[in-house]
Amino acid sequence: MKKLLIALCCCGLFAQAQAQEEENKLAVRGSIQSDILIPQEDDKIGTGTYNDWGLTNTYAELHLMNKYMTAGARFEYLEHPLPGFEPNFKGWGLPHIYITGRYKGVELTAGDFYDQFGSGLILRTYEERSLGIDNSLRGGRLVIKPYKGINIKVLGGQQRIYWNHRNFLMPFAFANEFGGDYKNTENDTWVYGADIELSFDQWFKKMAERNTRFSLGFSAVSKHEGNEDILTLRPTGEKDQFGADKIGAYKLNLPNNVGAFDVRANLQAGNYNFLAEYAMKSEDPSFDNGYIYRRGNALLLSGSYSKRGMSALVQAKRSEDMAYRSVRSGTGTAGFINHLPAFSMQHTYALAALYPYATQNALGEWAFQAELGYNFKRKTALGGKYGTNVKVHFSHVRAIDREPLAEAGDNVMGTKGYDSKFFKMGDETYYQDINVQIEKKLTRNFKLNLMYMNQRYNKTVVEGHGGTIKSHIAVAEAKYTFNKRFTLRGEAQYLNTKQDQGDWWFGLLELSILPNFMLTISDMYNAKVPNTDETATSKQHYYMFTGCFTHKSHRLQVGYGKTRAGYNCSGGVCRYVPASKGLQVSYNYNF
């Protein structure tokens, strides 16, 4: 912890010293984020045991910027990480450092960087600290704008896998057969890509005059990975003395290069916006897909309409075998080159987010999403004195058509895996969410939000066990403003289901005292919480007391209580978080 304190102090002093550099036209930007848990063991909620008195995920960033150059670095202290992060997440150091130069229409970056082609179907490198994701590339990127409306990117590098870019430990598909959970991977894996985007509205004056924008994009990505010994058991074609097929071990012939391609079109005309995007990936046998030899593909269609007081969205997506990693035998959240957008609503209410959906990259899915929002005007029958906002949302995700190959039997490794008709859907529903939200201001000081949600969650598909959970969720949120300084907000939530752990209750009270303080108390209750040994259940209140102080760019939050075991999800990517109890401290500073 001494190393952490020294690094934070140095970063703060340096930021103050550099604040005077404005006169030299050099801007200094940065941030500090530290989340700390001082844990307590509690068998009744299944926290397990702890070896450290304190756990923390701490980050400190510093960026120097002027007209022609940007340079920066990030220090990370994760030597004692918060519960639920993968074992190789542990460590500390300076894993992210870069410099970017700009001149006229050219930009060149060397070091660590993030980027995205289109919707991310074949390339998206990003950081999501709550999930423990940082799949940045270390190498170089060149961005050229040779003419108005033309944007070209070329990039290449090695992907960050936990704390390394080469010679790293990865969870291994067959490790348990050889007596371990991880193996040392010495393959030099490289990722290369290029993207071009053409904006036609910048070439045709009439399109701009009519508020119409049209663009086309083309992308290509390739990963290069060394050989690896992956064995499968198959019949040899010979018979033994009893007339049964002899079984032999065969080494898979793995591709060293796996390419992916993407084409997209986007049209915005007035209040309408349309997007069509298609991506394909060459044969990519990996742990995610069971080492089958099958091309992946994804089709995304989206249409939206928006004007004052009304919005509408309709989306459809079909994806198949689109888990694209830089390390074929990797598991967990590390090493993904691409990201498939989630077609499910990301809820903020506690019980609505109790069963979040994770996108099935390798398994494939048909996903549909629609949303309609309408604001009933003031002084109408449904709008009342202050108006009424209503939003209806629908998400549905189901299996694609999969016909097993008869000749493959139970072992599909080394085969095509299955047959699938593109426009045919499978019988199994993975996730469904139908919800209605009403926002109503009743008086000048009182506002009420109501939500009803009907959900189907296939726990077997998302988590590996548990069947389908069908639930009804009701939420009421009220906010009362006493004056310019004091606001009281409350939530009452109820989840009803006959599956899993049964019904849940949640309540929250939050008092805001402007401009500096916020006090919160909440409780989540369930009568069937598994104990540590999972042989018994008990009634548990997951209470939490929190106080928050903000001053200028500083934010300090201190809380004490229990957190239930469950999944934390963002954008269709999820991380399992075990139950915890103890003192929580969070500090954020931006300069």
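Residues numbered from 1 in each chain as written. Predicted model: local features only at pLDDT ≥ 70, side-chain atom pairs only at ≥ 80, totals over all residues. Heavy atoms only, no water.

J.: Describe the overall build of the protein, naming the residues involved and giving the relevant values.
T.: Tallying secondary structure elements over the protein gives three helices and 36 strands in all. Here the C-alpha atoms of the protein give a radius of gyration of 26 Å, agreeing with the 25 Å that 2.2 N^0.38 yields for 591 residues. Relative to its 591 residues, the protein shows a buried fraction of 46%. Sequence separation of at least 24 residues holds for 60% of the intrachain contacts in the protein that already meet a minimum separation of 6. Accessible surface for the protein amounts to roughly 30000 Å². Of this, 57% is attributable to carbon and sulfur atoms. (Helix = DSSP H or I, 4+ residues; strand = E, 2+ residues; numbered from the N terminus. Rg over C-alpha atoms; globule rule 2.2 N^0.38 Å. Buried < 20%, exposed > 50% of the residue type's maximum accessible area, 1.4 Å probe, protein only. Contact = heavy atoms within 4.5 Å. Areas by Shrake-Rupley, 256 points an atom, 1.4 Å probe, with all protein chains shown as cover.)

J.: Account for the packing of aromatic side chains, with residues named and values stated.
T.: Enumeration over the complete set of coordinates arrives at 21 aromatic pairs. Judged by centre distance (5.8 Å) and plane angle (5 degrees), the rings of Trp366 and Phe368 are stacked. The exposure class assigned to Trp366 is buried, which follows from its relative accessible area of 8%. For the pair Trp504 and Tyr542, a centre-to-centre distance of 6.1 Å together with 35 degrees between the ring planes defines the contact as tilted. With Trp504 in strand β30 (residues 504-513) and Tyr542 in strand β32 (residues 537-551), this pair connects stretches of sequence that are 38 residues apart. Taking relative accessible area as the criterion, Trp504 reaches 1% and is therefore assigned buried. Tyr542 gets classed as buried once you look at its relative accessible area, which sits at 6%. Among the aromatic residues, those joined into a cluster by ring pairs are Trp366, Phe368, Phe422 and Phe423. Positioned over the ring face of Tyr126 is Arg124, at 4.0 Å from the centre of the ring. Between Arg294 and the ring centre of Tyr418, over which it is positioned, the NZ or CZ distance is 4.3 Å. (Phe/Tyr/Trp six-rings, centres within 6.5 Å; stacked < 30°, edge-to-face > 60°. Lys NZ or Arg CZ within 6 Å of the ring centre and 35° of its normal.)

J.: Outline the environment of Tyr293, listing residues and values.
T.: Relative to the helices and strands, Tyr293 is located in the loop between β19 (272-281) and β20 (296-307). For Tyr293, a relative accessible area of 16% corresponds to the buried category. Expressed as a C-alpha distance, the spacing of Tyr293 and His393, which sit 100 residues apart in the sequence, is 37 Å. Residue contacts for Tyr293: discarding those within four places in its chain leaves Leu252, Asn253, Leu254, Pro255, Glu283, Pro285, Gly414, Thr415 and Lys416.

J.: How would you summarise empty space enclosed by the protein if you had to cite specific residues and measurements?
T.: On inspection of all chains with the given rule, the structure shows one cavity of 30 Å³ or more. Quantified by volume, the largest cavity comes out at close to 190 Å³. Taken together, 17 residues form the lining of the largest cavity, with Phe89, Gly132, Ile133, Asp134 and Arg160 sitting closest to its centre. Within the residue set of the lining of the largest cavity, elements represented by two or more residues are β3 (69-78) and β9 (133-134). (1 Å grid on protein atoms, 1.4 Å probe; cavity = no way out; pocket = protein on both sides within 12 Å on 5 of 7 lines; lining within 4 Å. Points joined across faces, edges and corners; volume = space filled by probe spheres on them.)

J.: Give a description of the confidence of the model for the protein that names residues and reports values.
T.: The predicted coordinates should not be examined in detail at positions where pLDDT is low. In the predicted model, the protein carries a mean pLDDT of 90, and the fraction of residues at 70 or more is 91%. Mean pLDDT across the secondary structure elements of the protein bottoms out at helix α1 (residues 2-18), with 46, and peaks at β19, with 98. Note that pLDDT drops below 50 for residues 1-23; the model gives that stretch 21 contacts with residues more than four away or on any other chain. Across residues 171-182, confidence stays below pLDDT 50; counting only partners more than four residues off in sequence or on other chains, it has 26 contacts. (pLDDT = per-residue confidence, 0-100.)

J.: Just give me the short version of the layout of surface pockets, but keep the residues and values in it.
T.: If you add up the space inside the second largest pocket, you get close to 1000 Å³. Around the second largest pocket, the lining is made up of 45 residues, and of these Asp288, Arg325, Gly332, Phe336 and Thr359 lie nearest the centre. Every element with two or more residues in the lining of the second largest pocket is listed here: α3 (459-463) and β35 (573-577). Ranked by the residues each element gives to the lining of the second largest pocket, the list is headed by β35, at four residues. The residue inventory of the lining of the second largest pocket, partitioned by class, reads 22 nonpolar, 16 polar and seven charged. (Nonpolar A, V, L, I, M, F, W, Y, C, P; charged D, E, K, R; others polar.)

J.: Please provide a residue-by-residue account of the state of the cysteines, values included.
T.: Under the criterion given, the structure shown has one disulfide. Two residues, Cys569 and Cys574, share a disulfide whose sulfurs are 1.8 Å apart. In this structure, the disulfide formed by Cys569 and Cys574 twists by about 110 degrees around the S-S bond and is classed as right-handed. When sorted by exposure, Cys569 lands in the same class as Cys574, which is buried. (Disulfide = S-S within 2.5 Å.)

J.: Kindly report on the nonpolar core, identifying the contributing residues and their values.
T.: Grouped together as the largest cluster of nonpolar side chains are 33 residues, with contacts concentrated most on Leu351, Tyr355, Leu495, Trp504 and Met524. Those elements that place two or more of their residues in this core are β23 (388-400), β26 (425-441), β27 (446-458), α3, β28 (468-481), β30 and β31 (517-530). Excluding residues within four positions of it along the chain, Leu495 makes contact with Leu351, Leu354, Tyr355, Ser471, His472, Ile473, Gly502, Asp503 and Trp504. Core analysis: the next-biggest nonpolar cluster, separate from the first, contains 17 residues, Phe117, Ala260, Met322 and Leu340 among them. (Core = buried A, V, L, I, M, F, W, Y, C linked by side-chain atoms within 4.5 Å.)

J.: Which residues make up a nonpolar patch on the surface, and what values do they have?
T.: Together, Ile38, Trp53, Phe517, Phe549, Leu556, Val558 and Leu583 line one region of the surface with nonpolar side chains, adding up to about 620 Å² of accessible area. Positionally, Trp53 belongs in the loop between β1 (27-39) and β2 (55-65). Residue class for Trp53 comes out exposed when judged on its relative accessible area of 61%. (Patch = residues over 30% accessible without salt bridge, like charges linked within 9 Å, V, L, I, M, F, W, Y side chains within 5 Å. Salt bridge = Lys/Arg side-chain N within 4 Å of Asp/Glu carboxyl O.)

J.: Outline the pattern of salt bridges, supporting the account with residue identities and numerical values.
T.: Summed over all chains, the structure comprises 31 salt bridges. A salt bridge links Asp419 to Lys416; the nearest nitrogen and oxygen atoms lie 3.2 Å apart. Residue class for Asp419 comes out partly exposed when judged on its relative accessible area of 35%. According to the relative accessible area criterion, Lys416 is partly exposed, its value standing at 41%. Look at the salt bridges and you will find they share partners, linking Glu61, Arg74, Glu76, Glu127, Arg129, Asp134 and Arg160 into a network.

J.: How would you explain the side chain of Lys317 if you had to name every residue and give the values?
T.: If you trace the backbone, Lys317 turns up in strand β21 (residues 310-320). At 2.7 Å, the side chain of Lys317 forms a polar contact with the backbone oxygen of Pro341. When near neighbours in sequence (up to four residues on either side) are disregarded, Lys317 contacts Leu299, Leu300, Leu340, Pro341, Phe343, Thr359, Glu365, Trp366 and Ala367. (Polar contact = N/O pair within 3.5 Å; in protein donor to acceptor, adjacent residues only side chain to side chain.)

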